[in-house]
Amino acid sequence: MSDYVSETARVYTDFGSSLPPHPGKGWTRFVCISDTHSQIVPVPEGDVLIHAGDLCSWGLFKQLKPTLKWLVSLKHPVKVAVAGNHDLCLDKQWASYGLQGLGQKVRMNPSMRQQSLIALQDIEEARAYIHGKSKKKGLHYLEHSPFSFKSPSGREWKMHGSPAAPAYVTGSFQYSTQEEAKALYDKIPDDVDILVTHTPPSNTLDRTKKGTHAGCPVLAERLNQLSSCRLHVFGHIHESHGAEVSEDGRVSVNAAMQSGGRPTVVDLKD
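Criteria and cut-off values
- Residues numbered from 1 in each chain as written.
- Predicted model: local features only at pLDDT ≥ 70, side-chain atom pairs only at ≥ 80, totals over all residues.
- Heavy atoms only, no water.
- Helix = DSSP H or I, 4+ residues; strand = E, 2+ residues; numbered from the N terminus.
- Rg over C-alpha atoms; globule rule 2.2 N^0.38 Å.
- Buried < 20%, exposed > 50% of the residue type's maximum accessible area, 1.4 Å probe, protein only.
- Contact = heavy atoms within 4.5 Å.
- Areas by Shrake-Rupley, 256 points an atom, 1.4 Å probe, with all protein chains shown as cover.
- Lys, Arg positive; Asp, Glu negative; His and termini not counted.
- Charge placed at Lys NZ, Arg CZ, Asp CG, Glu CD.
- Axes fitted to C-alpha atoms, helices over the stretch in contact; angles between N-to-C directions.
- Parallel < 35°, antiparallel > 145°, perpendicular 65-115°, else oblique.
- Nonpolar A, V, L, I, M, F, W, Y, C, P; charged D, E, K, R; others polar.
- Phe/Tyr/Trp six-rings, centres within 6.5 Å; stacked < 30°, edge-to-face > 60°.
- Lys NZ or Arg CZ within 6 Å of the ring centre and 35° of its normal.
- Polar contact = N/O pair within 3.5 Å; in protein donor to acceptor, adjacent residues only side chain to side chain.

Looking at the overall build of the chain
The number of helices and strands found in the chain is six helices and 15 strands. For 270 residues, the compact-globule formula gives about 18 Å, and the C-alpha radius of gyration of the chain, at 18 Å, lands near that figure. Summarising its shape, the C-alpha atoms of the chain cover approximately 55 × 35 × 30 Å along the three principal directions. Residues counted as buried form 58% of the 270 residues belonging to the chain. Expressed as a percentage of contacts within the chain between residues at least 6 apart in sequence, the contacts between residues at least 24 apart total 64%. Element-wise, carbon and sulfur atoms account for 49% of the exposed surface of the chain, whose accessible area totals about 12,100 Å². Here the chain contributes 30 positive and 28 negative side-chain charges, whose respective centroids are spaced 6 Å apart.

Printed below as a string of structure tokens:
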């Protein structure tokens, strides 16, 4: 039933319809999902819902909007999301790249070619919606930015979210150099408790079907400096869905759902 149990953390990845009850006062239940790609999936109740990116399929606002409506309808008291490489309409730089510039920047994915020019109006509407209507209804969108909240017991949890990932095929929020990556991940506060990124760090739940590690080494290096980080949630590499717990007790969750994975539930003691 439980993948991991300690005095301060409990992790569930394969619970079916029999998820153990909330552990009670002094604990916070995090429900982790990612890479839903415009699909609506069953999500158990909890204190905090985390979506680690790829909210929509191929980047149009008309694909993103139903996902946002679904997320705000969920009953979790705190809901947090980052974007991913498929969420083109949320990347304000996307319209300025153009097809030619994108083709030069990273290798073109034919399945995304028809969506590769996102209208500026689509981007403006998507960003206005997620920062406006969605936020008013309780969904906190993080884009290289912090967020904090208090549990019912009064414990303040400090979060940081980033949609970025190493450049591979055409996509949003991507970086091509270590310098770009370092500039992004240096923004993570040293005292962060919960980190949400779209990409995994290198060598943590990041192995592709071909057996290569596709995570970010710069992010992995930054995580080594974050002794206070107790939970890291990400996605992106669908086939590595699952959870790991390090020797120091940090829980790492690849919450990607696209390959048939279930939500991952993590209970942390406040």
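That was the structure; now back to the text.
Some points on the packing of helix H1 (residues 61-73) against helix H3 (residues 120-131)
Packing of H1 against H3 brings their axes to within 10 Å, and their N-to-C directions diverge by 10°. Between H1 and H3, the angle falls in the class roughly parallel. Where H1 abuts H3, its residues Phe61, Leu64, Lys65, Leu68 and Lys69 lie against Asp122, Glu125, Ala126, Tyr129 and Ile130. Tallied by class, residues from the contact of H1 with H3 come to six nonpolar, no polar and four charged.

Some remarks on the packing of aromatic side chains
What describes a pair of aromatic rings is the distance from one ring centre to the other and the angle between the planes of the rings. Following the criterion strictly, the structure yields four aromatic pairs and no others. Centre to centre, the rings of Phe30 and Trp157 are 5.5 Å apart; their planes meet at 90°, and the pair counts as edge-to-face. Separated by 127 residues along the polypeptide, Phe30 in strand S3 (residues 27-33) and Trp157 in strand S8 (residues 156-162) bring together distant segments of the chain. The residues Phe30 and Trp157 share a single accessibility class, namely buried. Cation over ring: Arg155 sits above Trp157, and NZ or CZ is 3.8 Å from the ring centre.

A word on the side chain of Gln63
You can see Gln63 is positioned in helix H1. At 3.1 Å, the side chain of Gln63 forms a polar contact with the backbone nitrogen of Trp58.

Considering unusual backbone geometry
A positive phi angle is found at Asp54, which is not glycine, with a value near 55°. The topology assignment puts Asp54 in the loop between strand S4 (48-51) and H1. Owing to a relative accessible area of 2%, Asp54 belongs among the buried residues under this scheme. Even without being glycine, His144 reaches a positive phi, approximately 55°. Within the fold, His144 resides in the loop between strand S6 (139-141) and strand S7 (145-150).

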